[in-house]
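Report on the structure
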Amino acid sequence: MSLLSVNTVDRLDRPSAYYVGKKKRRYNDREDDVQEDSMAGLRDATTLYVGNLSFYTTEEQIHELFAKCGEIKRLVMGLDRFNKTPCGFCFVEYYTHQDALDCLKYVGGTKLDERIIRADLDPGFEEGRQYGRGKSGGQVRDEYREEYDPGRGGYGRAYDDQRRREEEEYGQGR
Amino acid sequence: MAEYDRRNHGYRGGRKRRYRDDEDYDRRPQRRRYEEPPVVQVRRQLLTVAESAARRVEDDVEGIAKSVVENYEDEEMRDTFINIVLDLVLEQPMKIPFVTATVLVAHSLKLELGAEVLNKAGNALQRYIDTGAWREVKLLLRFLGILQPVYEGEGIFPLLEELFARAVDLQTASSEDLLGLELVKIILFTIPYVMSSPATGFETQASALLEKTDIIASTPHALVDLVNTFSPEEDKPAAGQSVISLLQTQLQEEASRGWKLNCLPRPWNDLRDGETGEPKSFYVAAKVAFPQITVPSPVQNGTRALFPEVYLSVFASQDVETVPPTSDIASSLLRDVLVDTINLLDFNRVATAKFLIDVDCYFTPHTFVKRATPFDRMRDLESQDLAWKPEDVAVDAVFSQLFQLPTPEHKLVYFHALLTECCKVAPAAIAPSLGRAIRFLYNSLETMDLELSHRFLDWFAHHLSNFGFTWKWSEWIDDLELPVVHPKMAFIIGALDKEIRLSFAQRIKGTLPDPYRPLITEGKEKDTPEFKYMAEMAPYSKEGQELMQLIRKKTSDDELQPVIASIEEQAKGLGVEDPKVPSTDALVTSICFVGSKSLSHVLSCIERNKDRLLAIGTESPRARCQIITSVMEYWVDQPGVAINIIDKLLNYTILSPLSVLEWALSESIAAGTTLAKTHVFEMISATVGKVTNRMRQIVAARTQPSLYEPQLSVLGETLARERTDMQALFKFIEDSIISVATGSNDELMERGDGSGDLPEDAIIRQWGRRWLRVFRRKAAVEESFITDALVHANPVGTVAPPTGSSTAADGDLDIADAE
């Protein structure tokens, strides 16, 4: 209801820098046009990308939390491309744009299954996007993680392989 | 300003920063080489005015005003100042006294600047009055009220009188009027700010106004009982007073004490005149006229439906006072401005939480004790006058919204998230306050409005899920002896179920003291509940298994038929009244079992057998009821999953809303004990919510301003039909529950010795009364929503105007353009 076009504090119901940045990189030369274009795709968006889930978090748990922002139309679990097991992200689709915005404001950045989850407005789910794009089938971020994360398969998989190889070699040498 | 910051960030270069640490090695050109331009400085100072306890706010107020006046010729500077002042008034109301102080000083230094601010504020106020945005009107009046010393004559009072005249008109026209009450509330909330302003000599006007508002403010509205936190029927002393009647009394008291208004900040009192060093007087320069405002007659209400508001404090019944008592006007003033802050800033809960934690920055220094003062220390401090615990006051305001009836302004989850955020910002200060709030609410469970106990339950479980599920369960161990139908026991069972839904049984079991563990049964720890037809002894076990295998193999519907027929054949032989019942049981139980892996699995199973399931409903109402029974029984240990499935079956229209009600309130009423189950209340609320939402969508379609014949008649008929259905639904609830509430339910009467005097019988009757209250309120709210909406709709028979003249409302256009 504000008089003016901007708020006195930042809004949490905006697309993240990730989304804006991604589009911008792609067409770097025409920055302003693209800014507008990319926003147009999100103007009526009813879908959210949800990240940083534990691999063990179930559809029911996600439903329980996200339904607090409105009735859920569709829930698509992110899967490992090869194993078809959950790999820590999902798409939540609502019936209305407002519910999706409310979800950004009220659920993004809170905990589910004891992890801080991340929510980002998404132009809409398309077949194929439910699969991880990392080399080993999961999400890219799980390839090169140096910290141990028990909810997301331990160390990054690329490092994990390396570690295993080293350990095997060490064992052989002995 | 947010927009401004973002624009700067845009120039940081396109490279995506993968890690936050990159900030340290930032190789952007150093921009801070130059002096900050005055306009940027003013913007920053104004936006953060009063936020820091380390700075003297009076210095900032003066600095800002001086800068603006010195750069008066700079248009950007003037616009920035005026816009941010008004934005802050409308978005961060706790800062109003400080922001207005900058305008007071600016005005005293440069009349033209003051005039420009007043002009813009007046235009805005006019627009909000025209569109019926009453909160914005209240905030702008507060701003203009503090500017009282700059006006000629009586300043703001004639406008307040005019608003009061409109309120009288509305009240005279209808005894149910709420808009008039809202206007009176606005007038009352303006008076203290006018009286705290540097203006003097307006006591007569204020008292005269108060005398007039008394009759309207003090007469209880018929709906107050309906929206009370505590039903007067269950707990008369706990039932709260209406906000407006409290405020009226407090103002009268304050008037008799010479308008001390202890908590309100008066930054203007500590401003010194630059030359003389004397306290600054605002009675300099020529006075200006109060902005010209026309109040339409009658006034309109905006988009938000009005209801009476009741004052709730979860800390009111403590033996040590930590929040202002309702006898003190501070209770109303603090609450009002905190609630507005909470509701206006829902788009950034982190910022809102910060404002709540910093509440002590925005009131006089002796209003609050030091932050995070432990509760026990409060007792020692009690001798000091007027010092409340800032965390309690802040948390109390959030709870007042979470427990607002019939519905708060924002989704409930906003208030959950806000409390979580407060806890994150200041865990040591907030967590103990929440603990005391929880204890109060838990101890009020028997008499609290049932919908609110349910909101409490939902918040409690969600909140704990954000903090490792830690709660001092040990303090409620004695209550585990209570009967299962006792509200406290129902709460414990319901809360644990909700925790499990957000987590998993084993995890929750690990957070509980031993005496609670039996509540987490073995069944709850199982991911996949047993398939009852696996037991050889189970009736129809062979067919059940066969059916399950067929469904698992995704075979076509035709192949299911022989198995179903065989069950029905057997049932007939056994003399089963409706053979479709056992066959439906086998089908639905199989679907549940095959789909038990996840919600999408069960959905695709339902999808594949949709036609058969749809047919069941049309063929046999009893079999349709069995669908619900089968789902609820299969998932008996995880009712959350069951009600989710029921919800989807409603969407497929395999179930009708009435069938769900029949199942819960007639088929499985179990002498009323079912009313004590939190998931049953949840399921019925969701089902009724589906119907009322749909109803509201139809109303929205019917009341579009550009709707003409022939669509008008079509929608009119749909509306009438659905309205009748909705009324039938509420009637069914009323009729089913009233027998429980009055104790005339047959089963209830047959329990025990039939006397109806068993200790649990009284509890069950109370459940009945509490259910009734909730659904009677819902029915009343929906009816009034429809009636109110239709007042402004085109009547049936209206034809489109001949030419395509645009009918879009002007107000809407402006809002759309704003973003």
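Residues numbered from 1 in each chain as written. Chains lettered and ligands numbered in written order. Predicted model: local features only at pLDDT ≥ 70, side-chain atom pairs only at ≥ 80, totals over all residues.

Some details on the overall build of chain B
- Helix and strand counts for chain B stand at 34 helices and zero strands.
- For 819 residues, the compact-globule formula gives about 28 Å, and the C-alpha radius of gyration of chain B, at 31 Å, lands near that figure.
- When the backbone C-alpha atoms are referred to their principal axes, chain B occupies close to 105 × 70 × 70 Å.
- Of all 819 residues assigned to chain B, the portion counted as buried reaches 44%.
- Within chain B, contacts between residues separated by at least 24 positions form 74% of all contacts whose residues are at least 6 apart in sequence. (Helix = DSSP H or I, 4+ residues; strand = E, 2+ residues; numbered from the N terminus. Rg over C-alpha atoms; globule rule 2.2 N^0.38 Å. Buried ≥ 20, exposed ≤ 12 C-beta atoms within 10 Å, placed from the backbone. Contact = placed C-beta atoms within 7 Å.)

Re the UniProt feature "domain: RRM" (unreviewed entry) in chain A
- Mapped onto the present numbering, the UniProt feature "domain: RRM" (unreviewed entry) falls at residues 46-124 of chain A.
- Secondary structure over residues 46-124 of chain A splits into 23% helix and 39% strand, and the C-alpha atoms at its two ends are 7 Å apart. (UniProt positions renumbered as here; feature names shortened; annotations may be inferred.)

Re the packing of helix H2 (residues 38-47) of chain B against helix H3 (residues 57-70) of chain B
Residue and element names in this part refer to chain B.
- The interhelical angle for the contact between H2 and H3, taken along N-to-C directions, is 150°, at an axis separation of 10 Å. Our classification of the angle between H2 and H3 gives roughly antiparallel. In the crossing of H2 with H3, the sense of the turn from one axis to the other is left-handed. Residue-level contacts link Pro38, Gln41, Val42, Gln45 and Leu46 of H2 to Asp60, Gly63, Ile64, Ser67 and Val68 of H3.
- When the residues that make up the contact of H2 with H3 are grouped by side-chain class, the tally is five nonpolar, four polar and one charged. (Axes fitted to C-alpha atoms, helices over the stretch in contact; angles between N-to-C directions. Parallel < 35°, antiparallel > 145°, perpendicular 65-115°, else oblique. Left-handed = near helix turned anticlockwise from the far one by under 90°. Nonpolar A, V, L, I, M, F, W, Y, C, P; charged D, E, K, R; others polar.)

Brief notes about the confidence of the model for chain B
All names here are of chain B.
- Taken residue by residue, chain B gives an average pLDDT of 90. The fraction at 70 or more is 90%.
- Overall, residues 1-23 carries pLDDT values under 50, and its contacts beyond four positions in sequence, including any with other chains, amount to 17 contacts.
- Segment residues 805-819 is flagged for pLDDT under 50; beyond a separation of four residues in sequence, or across chains, it makes seven contacts in the model. (pLDDT = per-residue confidence, 0-100.)

Some points on the sheet that holds strand S6 (residues 118-122) of chain A
Residues and elements named next belong to chain A.
- With antiparallel pairing, the four strands of this open sheet are ordered in space as S2-S3-S1-S6. On the outer flanks of this sheet lie strand S2 (72-79) and S6, each paired with one strand and no other. Across the sheet, the mean angle from the axis of one strand to that of its neighbour is 25°, orientation sign disregarded.
- Taken together, the five bridges between strand S1 (residues 47-51) and S6 define a ladder with antiparallel strand orientation. Residue pairing across strands places Leu48 opposite Leu121, the latter belonging to S6.
- Each of S1, strand S3 (86-94) and S6 is contacted by helix H4 (residues 97-106), which is oriented at about 150° to S6, the strand it contacts most. (Pairing = 2+ DSSP bridges.)

Notes on the environment of Arg266 of chain B
- Here Arg266 of chain B lies in the loop between helix H11 (243-256) and helix H12 (329-344).
- Since 15 C-beta atoms lie within 10 Å of it, Arg266 of chain B is described here as partly exposed.

Regarding the pairing of S2 of chain A
All names here are of chain A.
- Two strands pair when backbone bridges link them, and S2 and S3 are joined in this way by six bridges, in the antiparallel orientation. Directly across from Met77, in S3, lies its bridge partner Cys90.
- Turn length for the S2-S3 hairpin, with the two strands adjacent in sequence and antiparallel, is six residues, and the turn residue Lys84 shows positive phi of about 60°.

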